[in-house]
Amino acid sequence: MILTITMNPSIDMSYPIETLTIDGVTRVQNVSKTAGGKGLNVSRVVHQMGVDLVASGLLGGHFGAFIKSELDKQGIKHQFSEIDGETRNSIALLHDGGKQTEVLESGPEISEREAREFLATYEELLDSCSLVTMSGSLPRGLDASFYSQLIEMAHTKGVRVLLDTSGAALQASVRGNVKPDLIKPNEEEVSALIDQKLDLSNISILKKQLSSGELADIKWIIISLGADGALAKYDNTFYRVRIPSLDVVNPVGSGDSTIAGFALAMDQDDSPVDILKTGMVTGMLNALEETTGSVNPNRFDEFFKQVKVEKI
Ligand code: ATP
């Protein structure tokens, strides 16, 4: 079973507005409210692909209860740790012909007791899981090294870890003694990790950069490139992944859907090439759907054949 961790989930509210009035009132009719946060996108896609999972992390208050009820409706198993604070909202104003203005709450502050309670739940869940994904930012109150602690606990039980986070939490996890098995940073994030600009145009420099310092000890480093596919490192082998062009509907959440694909392929011990193809296809399938973090599994085989992976 796959375990997905979302430490700072949110209710994603989307407000389609014809014209946004600054310093005035804007009325909105078709509001959409969904269980969001990167880890919940991963959960939804793993579930839609027909693979058993349990979603965990922190939830609190009325908004936390709403997220649980959404997961129940979708048939997604969950075991979140309760917090006193209220789970956050993330608001996207879709306005003026394609513009998107976002208001993101930072979320509740987590106490030491709540962190301890989560760790106890997590430790128990690890016993029934073979692989864990950790996605998104850490809430206030948790140290940047919190994911390192989760990675260490997972590895002690022989559970592999896919980590999709950024900033200080990513830096701390990469520098920790126990490394995640897979990271999916973007170009800027890798540049920050290696303290120099990542050179995507020169393969031999790129290989050296992805094998330098702490990155050398991370088995899988995958840099997804949107419509351009991805570049990846697995042990000491490097891959360029190319994908067909698509009539994209909504690419938001494609990165999370990619993590879902990597997770389910790794969990069934697929070859590195098939792991890369699976992640690319779930990312692409998400880009073809209107709903963020959603795929149509019936189109999986059709696209799997079209993804090309070459060693570089
Ligand atoms: P996000 O943060 O929005 O979730 P990301 O930057 O982490 O995205 P991307 O590299 O944009 O991730 O997308 C992940 C994968 O999804 C790509 O490698 C590709 O397989 C697929 N994908 C995303 N955008 C497109 C697109 N416009 N056309 C085709 N495939 C896409």
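The coordinates are above.
Below, the structure is looked at part by part. (Residues numbered from 1 in each chain as written. Predicted model: local features only at pLDDT ≥ 70, side-chain atom pairs only at ≥ 80, totals over all residues. Heavy atoms only, no water.)

1. Let's talk about helix α5 (residues 167-175)
When α5 is considered as a whole, its buried residues turn out to be Ala169, Leu170, Ser173 and Val174. The arc that holds every buried residue of α5, seen down its axis, measures 125°, which confines them to one face. Here the buried face of α5 lies against α4 (146-156), β9 (160-164), β10 (182-183) and α6 (187-194). (Buried < 20%, exposed > 50% of the residue type's maximum accessible area, 1.4 Å probe, protein only. Helix = DSSP H or I, 4+ residues; strand = E, 2+ residues; numbered from the N terminus. Arc of directions from axis to C-beta. Contact = heavy atoms within 4.5 Å.)

2. Notes on the site of the ligand
Taken together, the neighbourhood of the ligand is formed by 18 residues, with Lys184, Ser224, Gly226, Gly229 and Gly255 sitting nearest. Contacts to the ligand include Gly226, whose backbone N or O atom sits 2.8 Å from an oxygen atom. Within the backbone of Gly229, a nitrogen or oxygen atom sits 3.0 Å from an oxygen atom of the ligand. Relative to its unbound accessible surface of 620 Å², the ligand loses 77% to contact with the protein. (Near = heavy atom within 4 Å. Polar contact = N/O pair within 3.5 Å; in protein donor to acceptor, adjacent residues only side chain to side chain. Areas by Shrake-Rupley, 256 points an atom, 1.4 Å probe, with all protein chains shown as cover.)

3. A short note on the pattern of salt bridges
With the rule as written, the count across this model stands at 16 salt bridges. One salt bridge in this structure joins Asp256 and Lys38, with 2.8 Å as the shortest N-O distance. Of the two residues, Asp256 sits in helix α8 (residues 254-267) while Lys38 sits in helix α1 (residues 38-48), which places them 218 residues apart along the sequence. On the basis of relative accessibility, which here comes to 4%, the residue Asp256 falls in the buried class. Of the residues examined, Lys38 reaches a relative accessible area of 33% and is grouped as partly exposed. As a salt-bridge pair, Arg140 and Glu109 come within 3.7 Å of each other at their nearest N and O atoms. Here Arg140 is found in the loop between β8 (131-135) and α4, whereas its partner Glu109 is found in the loop between β7 (99-104) and α3 (112-126), with 31 residues between them in sequence. On the basis of relative accessibility, which here comes to 52%, the residue Glu109 falls in the exposed class. Beyond isolated ion pairs, a larger network of salt bridges with shared partners links Lys38, Asp164 and Asp256. (Salt bridge = Lys/Arg side-chain N within 4 Å of Asp/Glu carboxyl O.)

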